[in-house]
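# Overview (structure and organization)
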Amino acid sequence: MHPLAIRRQAQLEHRNGSSISSIAVHLDLPYPTVHRWCRNEGAPDSRFTEDRCFRCRATAPTDQLQYAYLLGSYLGDGHLVTAAKVPVLRISCTAAYTDILDQVERAMLATLANRVQRIRQKGCVNLQSYSKHWPCLFPQAGPGKKHDRKIDLEPWQRAIVLDHPAAFVQGLFHSDGCRTINRIVKAGRTYEYPRYLFANESADILALCGWALDLLGVAWRLNRRNSLSVARRDAVALLDRHVGPKS
Ligand SMILES: [Zn+2]
């Protein structure tokens, strides 16, 4: 192996959690060498993401649209584990929706991640990225489930959604929403109406979805305690422009 490749391999293993001594043994290298290579690596991605974290830089995100989309995806089916040594952002996507998978990955890369891992599970793929700075960007993170705690947006997050409500709504519907066909039989004839549903156990997240739909001028109603429906023809047509069927 090329010396640079060995060094990269050692750093990769370290980022993935292997200890310096085990890497030294595994790659048959002196401990001080591996230590020198890895000591500044620190936490996964930390060398680079600090520069990229728009909260720590106290600037607006480079790509607000991507952040708005990622925020919607995170509130829908995302999970930010802050208990680990290095926080990890995980967003679950249905494996069959390959376009959505790519779109979420692009949003993670555009926002902060240098690398996104795809972890396959039964029928779904977890997109995950490690960085100390994910909690700066998603201060809603906390212990337990999202519907068991208050979820509110910070003023700076609201400002981004106000500028990009469509991207936020798209992220929400791509994760916890769907476009279905409602069939109604009237006088022997079948009528089909498309409608959108967004289901989430958190009343706060449902309210945020409703707020963003209001910003877009999309009519909606709560059809169940934990679900919101967009069924009016003009409202569905508007959402078709912003969200569309999952793929
Ligand atoms: Zn930060």
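Please read all numbers here as calculations on a predicted model, not as lab measurements.

Our next topic: the pattern of salt bridges. On inspection of all chains with the given rule, the structure shows eight salt bridges. Between R183 and E192 there is a salt bridge whose closest N-O contact spans 2.6 Å. Judged by its relative accessible area of 55%, R183 falls in the exposed class. Residue classification places E192 among the partly exposed residues on the basis of a relative accessible area of 47%. Several salt bridges converge on common partners, so that one network encompasses D102, E105 and R118.

On the surface, a nonpolar cluster with roughly 230 Å² of combined accessible area is contributed by I184, Y191 and Y193. Relative to the assigned elements, Y193 resides in strand β6 (residues 189-199). For Y193, a relative accessible area of 33% gives the class partly exposed.

In the structure shown here, the tally under the stated rule is eight aromatic pairs. Here the aromatic rings of W134 and F138 are separated by 6.0 Å at their centres, their planes lie at 20°, and the arrangement is stacked. The class for W134 is buried, based on a relative accessible area of 0%. When the ring of F173 is compared with that of F198, the centres are 5.6 Å apart and the planes differ by 50°; the resulting orientation is tilted. Of the two residues, F173 is situated in helix α9 (residues 165-176) and F198 in strand β6; the sequence distance between them amounts to 25 residues. The class of F173 is buried, set by a relative accessible area of 2%. Three or more aromatic residues joined by ring pairs make a cluster, and in this case those are F54, Y67, Y74, W134, F138 and W156. When the ring centre of Y74 is taken as reference, the NZ or CZ atom of K146 above it lies at 5.1 Å.

What follows concerns the domain arrangement of the protein chain. It is common to report an interface's size as the accessible area lost on association of the parts. Under the domain assignment used here, the protein chain contains domain 1 (3-42), domain 2 (48-149) and domain 3 (174-242). Computed from C-alpha coordinates alone, the two centres of domain 1 and domain 2 are separated by 27 Å.

To continue, consider the coordination of the zinc ion. Each protein donor to the zinc ion is listed here as C53 (SG), C56 (SG), H133 (ND1) and C136 (SG); together their distances run 2.2 to 2.4 Å. Considering all four donor atoms around the zinc ion, angles at the metal cover 99 to 117° and the coordination shape is tetrahedral. Donor residues binding the zinc ion come from one chain and are separated in sequence as C-x2-C-x76-H-x2-C. Using a relative accessible area of 6% as the deciding quantity, one classes H133 as buried. Judged by its relative accessible area of 26%, C136 falls in the partly exposed class.

With that settled, the discussion passes to the environment of A203. Assignment of secondary structure puts A203 in helix α10 (residues 203-216). Sequence separation between A203 and K150 is 53 residues; the distance between their C-alpha atoms is 9.1 Å.

Rules of the game
Residues numbered from 1 in each chain as written. Predicted model: local features only at pLDDT ≥ 70, side-chain atom pairs only at ≥ 80, totals over all residues. Heavy atoms only, no water. Salt bridge = Lys/Arg side-chain N within 4 Å of Asp/Glu carboxyl O. Buried < 20%, exposed > 50% of the residue type's maximum accessible area, 1.4 Å probe, protein only. Patch = residues over 30% accessible without salt bridge, like charges linked within 9 Å, V, L, I, M, F, W, Y side chains within 5 Å. Areas by Shrake-Rupley, 256 points an atom, 1.4 Å probe, with all protein chains shown as cover. Helix = DSSP H or I, 4+ residues; strand = E, 2+ residues; numbered from the N terminus. Phe/Tyr/Trp six-rings, centres within 6.5 Å; stacked < 30°, edge-to-face > 60°. Lys NZ or Arg CZ within 6 Å of the ring centre and 35° of its normal. Domains from an automatic or database assignment. Donors = N, O, S within 2.8 Å, 3.2 Å for Na, K, Ca; no water. Tetrahedral: all angles 85-135°; square planar, octahedral: opposite > 155°, others 65-115°.

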